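Examining the three-dimensional arrangement
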Amino acid sequence: MTVDIVLLTLKENELCAALLQRPRPPHLGEWTLPGGFVHTDTDEDAAAAATRILKTKAGVESPYLEQLQTFASRHRDSRGWSVSIAHYALVPHQTLSAEGSDASPLKWRAVDSIRSLPFDHRDILRAAVDRVRSKTDYSSLPVHLMPPTFTLSELQKVYETLLQTRLENGSFRRRIQELDV
């Protein structure tokens, strides 16, 4: 039983996912989503495993973490039948260590430019991106990609980036007031 995490941020007005280089086979040296085995002796539940994996493997404490769905089949891993409880996490880019620094093992890539990943991680990535874009349409979810202080115009730009469309200023302001952000 594993947990895989789609860690998302906005970087240079693009939705980006964090990738980690695999330290062992299968797919040694390939870039993939952060993930790992559930520690049944210490992890209280799947969310605790996801929080631990984000912190230990990616060096990140996400302000937003949500279970996405379970991926299970005999084909997702060449070693045999496996189950992964996938999560997605959102983090403001300003809170992350610089890419390539010793403090960060992460490589950030625009989600729309990722064509393949080992295992079924591209399917997990697509499901997470679809969920985030869907929830953006009716919720305040994008606030979790923002720094502690931001303007309404900056927030609107984030919504527009995630929804991939331009929003009318007045309608957006009313929506944010209704959401009580």
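These numbers come from a predicted model, not from an experiment.

Let us look at the packing of aromatic side chains. With the rule as written, the count across this model stands at two aromatic pairs. The interplanar angle of 45 degrees and the centroid separation of 6.0 Å between the aromatic rings of Tyr64 and Tyr88 together place this pair among those described as tilted. With Tyr64 in strand E5 (residues 64-73) and Tyr88 in strand E6 (residues 82-90), the pair connects residues that are 24 residues apart, well separated along the chain. Considered together, Tyr64 and Tyr88 belong to a single accessibility category, that of buried residues. Here Tyr159 and Phe172 contribute two aromatic rings whose centre-to-centre distance is 5.1 Å and whose plane-to-plane angle is 70 degrees, an arrangement assigned as edge-to-face. On the criterion of sequence distance, the pair formed by Tyr159 in helix H3 (residues 152-163) and Phe172 in helix H4 (residues 169-179) is long-range, its members being 13 residues apart. Exposure class is identical for Tyr159 and Phe172. Each is buried.

Looking now at the confidence of the model for the protein. Looking at the protein as a whole, its pLDDT mean stands at 91, while 94% of the residues score no less than 70. Looking at the elements of the protein, mean pLDDT is at its lowest for E5, recorded as 92, and at its highest for helix H2 (residues 121-136), recorded as 97.

Attention shifts here to the nonpolar core. Grouped together as the largest cluster of nonpolar side chains are 33 residues, with contacts concentrated most on Val6, Leu8, Leu68, Tyr88, Leu90 and Leu125. For this core, the secondary-structure elements that each account for two or more residues are strand E1 (2-11), strand E2 (14-21), E5, E6, H2, H3 and H4. Ignoring sequence-local partners within four residues, the contact set of Leu8 consists of Leu15, Cys16, Ala17, Ala89, Leu90, Val91, Trp108, Val111, Val132 and Leu145. Counting 18 residues, the second largest nonpolar core, distinct from the first, contains Ile5, Leu7, Ala18 and Val60.

With that settled, consider the packing of H3 against H4. Relative to each other, H3 and H4 sit at 100 degrees, their axes nearing to 11 Å. It follows from the interaxial angle that H3 and H4 lie roughly perpendicular. The segment H3 lies against H4, with Leu152, Ser153, Leu155, Gln156, Tyr159 and Leu163 engaging Asn169, Phe172, Arg173, Arg175, Ile176 and Leu179. Tallied by class, residues from the contact of H3 with H4 come to seven nonpolar, three polar and two charged.

Cut-off values and rules
Residues numbered from 1 in each chain as written. Predicted model: local features only at pLDDT ≥ 70, side-chain atom pairs only at ≥ 80, totals over all residues. Heavy atoms only, no water. Phe/Tyr/Trp six-rings, centres within 6.5 Å; stacked < 30°, edge-to-face > 60°. Helix = DSSP H or I, 4+ residues; strand = E, 2+ residues; numbered from the N terminus. Buried < 20%, exposed > 50% of the residue type's maximum accessible area, 1.4 Å probe, protein only. pLDDT = per-residue confidence, 0-100. Core = buried A, V, L, I, M, F, W, Y, C linked by side-chain atoms within 4.5 Å. Contact = heavy atoms within 4.5 Å. Axes fitted to C-alpha atoms, helices over the stretch in contact; angles between N-to-C directions. Parallel < 35°, antiparallel > 145°, perpendicular 65-115°, else oblique. Nonpolar A, V, L, I, M, F, W, Y, C, P; charged D, E, K, R; others polar.

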